[in-house]
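Examination of the molecular architecture
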Amino acid sequence: MNLYILVEGKCTEFKLYPAWLSVLLPKFERVYSFDQVEQNNYYIVSGYGIPSLIKNHLPNAILDVARLKEKYDYLVVVVDAEELSVEQRKSEVAEVQRRYKRELGNVKVQVVVQNRCIETWLLGNREMIPPSPKREKLKRYIDYYDINFNNPENMPNYVDDTDAREEGPHFSTTARFHTDYLQEVFKEQNMVYTKRNPRYASNEQFLKGLMRRVMYDPSDLVSFQEFLNFCEIVSKK
């Protein structure tokens, strides 16, 4: 079993997924060139964001896999939903997949949509948020949308009703709000989170915290659960 993994981000996912896969798929070993796969290997490469991933890097990844389709079992495409629905983003990938159906052969395509973004998933770790946070900005965010009790995937863009100078959403995208919220959560714990270096978010304990969230609240972080379910399927083959 071998996986070719194309991720949207050039930093965050590139560091998080290898760390998480070492826990979820411990028998798999990373290779650093797509043509080095043998057995229970994965290769991971960045698509450098949307639309570059869809327009350029996904076709290139398919052609890579086509050269070694006797060795690859899955092409895994990891993308943010951003302002689209999960199904809309999957449809974008499926359209490219249809154009290259012959090249793919029997290689399966697994689309992992981070709804809305990877930071949305990371906000699901309840263990990071103390009962009485001290940071004023984090308090405002929790008052606006309490991620302890509500699904982070459903959190809308931030609107500050207390600021008369501001009309409409505070951030240009919902994903940017989710990222800022997460950074405030980390600051509350005297930690730092950046897209360039997710640090503790790549830790096994952090991942286990997310897994506990969806175990106790199976209606939360459905897109994250799809990723976990896929890893479980692969681990059993």
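Everything here concerns the structure above.
Residues numbered from 1 in each chain as written. Predicted model: local features only at pLDDT ≥ 70, side-chain atom pairs only at ≥ 80, totals over all residues. Heavy atoms only, no water.

For the rest of this paragraph, the subject is the pattern of salt bridges. Throughout the structure, instances matching the rule amount to 15 salt bridges. We note a salt bridge from Lys90 to Glu226, for which the minimum N-O separation is 3.2 Å. Here Lys90 is found in helix α3 (residues 86-99), whereas its partner Glu226 is found in helix α9 (residues 222-235), with 136 residues between them in sequence. Owing to a relative accessible area of 30%, Glu226 belongs among the partly exposed residues under this scheme. With its nearest N and O atoms 4.0 Å apart, the salt bridge here joins Glu184 to Lys137. (Salt bridge = Lys/Arg side-chain N within 4 Å of Asp/Glu carboxyl O. Helix = DSSP H or I, 4+ residues; strand = E, 2+ residues; numbered from the N terminus. Buried < 20%, exposed > 50% of the residue type's maximum accessible area, 1.4 Å probe, protein only.)

Another aspect to go through is the nonpolar core. Leu3, Trp20, Leu122, Tyr181, Phe224 and Phe227 are the most contacted members of the largest nonpolar core, which has 49 residues in total. Element by element, the count of residues in this core is highest for α9, at six residues. Here Leu122 is in contact with Leu16, Trp20, Leu182, Tyr193, Ala201, Phe206 and Leu210, once residues within four sequence places are set aside. In this structure, Tyr4, Leu53, Ala61 and Val107 belong to the second largest nonpolar core, which totals 27 residues. (Core = buried A, V, L, I, M, F, W, Y, C linked by side-chain atoms within 4.5 Å. Contact = heavy atoms within 4.5 Å.)

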